[in-house]
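One letter stands for each residue in the lines below.
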Amino acid sequence: MDRVTMNLFPASEQASLFGDDDFLADNREPVLMSLHAVYYDLIWAGEKTHEFRRRFLSGRPVRWYVYLNAPVARLGPVIDLAPAVVDSPQRIAAIAEQTRAGNGASVLEYVRDLEQAFAIPIERVSEYPGVSIAELKAELGEFHPPQGYVKLRNHPELLGICEKVTAESPVREMTVRGR
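What you see is a predicted model, and the numbers here were worked out from it, not measured in a lab.

Chemist: Got a sec to walk through the overall build of the protein? Specific residues and values, please.
Modeler: Scanning the protein from terminus to terminus reveals six helices and nine strands. Classification of the 179 residues of the protein by burial places 46% in the buried group. Expressed as a percentage of contacts within the protein between residues at least 6 apart in sequence, the contacts between residues at least 24 apart total 80%. Per element, the accessible surface of the protein, about 9600 Å² overall, is 50% carbon and sulfur.

Chemist: Give me the lowdown on the environment of Gly76, citing residues and values where you can.
Modeler: With respect to the helices, strands and loops of the structure, Gly76 is situated in strand S5 (residues 74-81). Once the C-alpha coordinates of Gly76 and Tyr128 are considered, the two residues, 52 residues apart in sequence, prove to be 5.0 Å apart. Among all residues touching Gly76, those that are not within four sequence positions of it are Val66, Ser126, Glu127, Tyr128, Gly130 and Val165.

Chemist: How would you summarise the packing of aromatic side chains if you had to cite specific residues and measurements?
Modeler: The full count for this structure, using the stated rule, is three aromatic pairs. Centre to centre, the rings of Tyr40 and Trp44 are 6.2 Å apart; their planes meet at 85 degrees, and the pair counts as edge-to-face. Separated by four residues within a single helix, Tyr40 and Trp44 lie in helix H2 (residues 37-44), roughly one turn from each other. Summarising the aromatic geometry, the rings of Phe56 and Tyr149 are spaced 5.3 Å apart at their centres and angled 65 degrees between planes, so their arrangement reads as edge-to-face. With Phe56 in the loop between strand S3 (50-53) and strand S4 (62-68) and Tyr149 in strand S8 (residues 149-151), the pair connects residues that are 93 residues apart, well separated along the chain. On the accessibility criterion, Phe56 (7% relative accessible area) is buried. Tyr149 gets classed as buried once you look at its relative accessible area, which sits at 18%. Sitting over the ring of Trp44, Arg172 keeps its end group 3.9 Å from the ring centre.

Chemist: I'd love a proper account of helix H3 (residues 89-99), names of residues and values included.
Modeler: An α-helical segment advances 3.6 residues per turn. Residues three or four places apart therefore align on the same side. Looking only at H3, the buried set comprises Pro89, Ile92, Ala93, Ile95 and Ala96. One face of H3 carries all of its buried residues, which in axial projection span an arc of 155 degrees. Exposed residues pointing more than 90 degrees away from the buried face of H3 are listed as Gln90 and Gln98. Those residues of H3 hidden inside the fold are in contact with S3, strand S6 (85-87), helix H4 (104-111) and strand S7 (117-132).

Chemist: Go over H4, please, and point to the residues and values.
Modeler: For H4, the complete set of buried residues consists of Gly104, Val107 and Val111. For H4, the angular spread of the buried residues around the axis is 65 degrees, confining them to a single face. Residues of H4 that are exposed and point more than 90 degrees away from the buried face comprise Ala105 and Glu109.

Chemist: Tell me about unusual backbone geometry, and name the residues and values.
Modeler: The step from Ala70 to Pro71 runs through a cis peptide bond, and the omega angle for that step is 15 degrees. Within the secondary structure layout, Pro71 lies in the loop between S4 and S5. At Ala73, a residue that is not glycine, the phi angle is positive and equals roughly 50 degrees. Using a relative accessible area of 15% as the deciding quantity, one classes Ala73 as buried.

So, how was this worked out
Residues numbered from 1 in each chain as written. Predicted model: local features only at pLDDT ≥ 70, side-chain atom pairs only at ≥ 80, totals over all residues. Heavy atoms only, no water. Helix = DSSP H or I, 4+ residues; strand = E, 2+ residues; numbered from the N terminus. Buried < 20%, exposed > 50% of the residue type's maximum accessible area, 1.4 Å probe, protein only. Contact = heavy atoms within 4.5 Å. Areas by Shrake-Rupley, 256 points an atom, 1.4 Å probe, with all protein chains shown as cover. Phe/Tyr/Trp six-rings, centres within 6.5 Å; stacked < 30°, edge-to-face > 60°. Lys NZ or Arg CZ within 6 Å of the ring centre and 35° of its normal. Arc of directions from axis to C-beta.

So, in structure tokens, the structure goes:
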């Protein structure tokens, strides 16, 4: 397949010429999280620049290995995330509204009962051919997509599979710099 690289934002927002992004990638906390394909498609359309969660890691960048839920049922995308914005549900909903008009109300409904919620800026997306849920189950013995997130440093076999997926060439990549 053709490799597609898209940059949705001005050159002043592009990656450092001195390789700082590579340094950050090596220090990112690797996690596995599930995502519905409809939201993944919004990222590629440039309409989703943040992931909103009820609980998440704070204070550090993350490399998110994405398991796309059924009907896709595949591990393949990798999303680099900046450190989460941790704030009140109202402030997180305001970020959602600012980044995609009409999204604030649904995010507020999702996090309303919390003291704090998370808006996680999406920096870069890479899509790899990946592995199906059947392949994951065959290699691990069993696999259940996470409801929240899984720190992969605590699951070396699963981390190994994720790293094997990213050893292939990406099908497409995109830098997202809209914060």
